[in-house]
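Observations on chain architecture
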Amino acid sequence: MSNELIFGFHSVEAILSKEPERFLEIYALKGREDKRLNDVINQARKFGISIQFMQRKALDDKAKGEQHQGIIANVRAGKQYSEKDLDDIIKREQTPFLLVLDGITDPHNLGACLRSADAAGVHAVVVPKDKSAKLNATARKVACGAAETVPLVQVTNLARTLREIKDAGVWVVGTAGETDTTLFEANLTGPIAIVMGAEGDGMRRLTREHCDVLVKIPMVGTVSSLNVSVATGISLFEVLRQRA
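Residues numbered from 1 in each chain as written. Predicted model: local features only at pLDDT ≥ 70, side-chain atom pairs only at ≥ 80, totals over all residues. Heavy atoms only, no water.

1. Side note on the pairing of strand β7 (residues 152–155)
Residues L152 and Q154 line one face of β7 and the alternating positions V153 and V155 line the opposite face, and both faces are buried. Pairing of strand β6 (residues 124–128) with β7, which is carried by four bridges, proceeds in the parallel orientation. Residue V125 lies in a different strand from β7, and its bridge partner there is L152. In this region the chain leaves β6, passes through helix α6 (residues 137–143) and returns to the parallel neighbour β7; the handedness of that crossover is right-handed. (Buried < 20%, exposed > 50% of the residue type's maximum accessible area, 1.4 Å probe, protein only. Helix = DSSP H or I, 4+ residues; strand = E, 2+ residues; numbered from the N terminus. Pairing = 2+ DSSP bridges. Right-handed = clockwise from strand over helix to strand, strands pointing away.)

2. Points about the side chain of S229
Relative to the helices and strands, S229 resides in helix α9 (residues 228–243). Here the side chain of S229 touches N227 through a polar contact of 2.4 Å, side chain to side chain. Each residue touching S229, except ones within four places of it in the same chain, is listed here: N109, A112, C113 and S116. (Polar contact = N/O pair within 3.5 Å; in protein donor to acceptor, adjacent residues only side chain to side chain. Contact = heavy atoms within 4.5 Å.)

3. Let's talk about the packing of helix α5 (residues 107–120) against α9
Two numbers describe how α5 lies on α9: the axes approach to 9 Å, and their chain directions differ by 10°. In terms of orientation, α5 lies roughly parallel with respect to α9. Taken together, the residues of α9 that come into contact with α5 (itself represented by N109, A112, C113, S116, A117, A119 and A120) are V228, S229, T232, G233, L236, F237 and L240. For the contact of α5 with α9, the class distribution of residues is nine nonpolar, five polar and no charged. (Axes fitted to C-alpha atoms, helices over the stretch in contact; angles between N-to-C directions. Parallel < 35°, antiparallel > 145°, perpendicular 65-115°, else oblique. Nonpolar A, V, L, I, M, F, W, Y, C, P; charged D, E, K, R; others polar.)

4. Thoughts on the environment of H10
Structurally, H10 is set in helix α1 (residues 9–18). Owing to a relative accessible area of 36%, H10 belongs among the partly exposed residues under this scheme.

So far we have only geometry, and geometry alone does not tell us how the molecule works.
Spelled out as structure tokens, the structure:
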């Protein structure tokens, strides 16, 4: 199993609280004295995790430009979710709520989408294995711990997965600008998968063809589009609002 570096308190705390056995070593800023760092170090030591204190330049070099907040950890890679896991999640949940990201290649956007997904109660985020951002340290840090709570399911063939999702009784709702139906007019209360496409290009043709309905976020200003993570947050919380 491969290892990876994670940066920042949210990422370290999330894994420490759920899977402390994944930690190999923690690197902390030497000379920093504050309650949050001390709490993490004390918790890590309870699990027998090695702590190495380093000067800021050494931490900066290890982070390679990422914002680390004075803490970095070397951890074993987490669980990789596949189509089989997605099938189990859909069967387990009474009203499945999925987020599908088609062609999101920026890890910052992936992390932000995961954060919104966690906050809105999404059961799984689905991405294609190819032409998609990886769940790297940047995505994990932006996700603020959500990468450890929301399964990120990588699928080989997104169009086939959408067919299987539909066969399981999940309504697939795609977001696109060229429809007359707004997000707020659609019925989003049942088992649902919200599909978001990449900025600029939007959803790929095959992805669009496998959607049951297309909706758009109404725009009244001068900008023509929203950042995909912002649009994702709006869409997910409209589902949550209707379900509430």
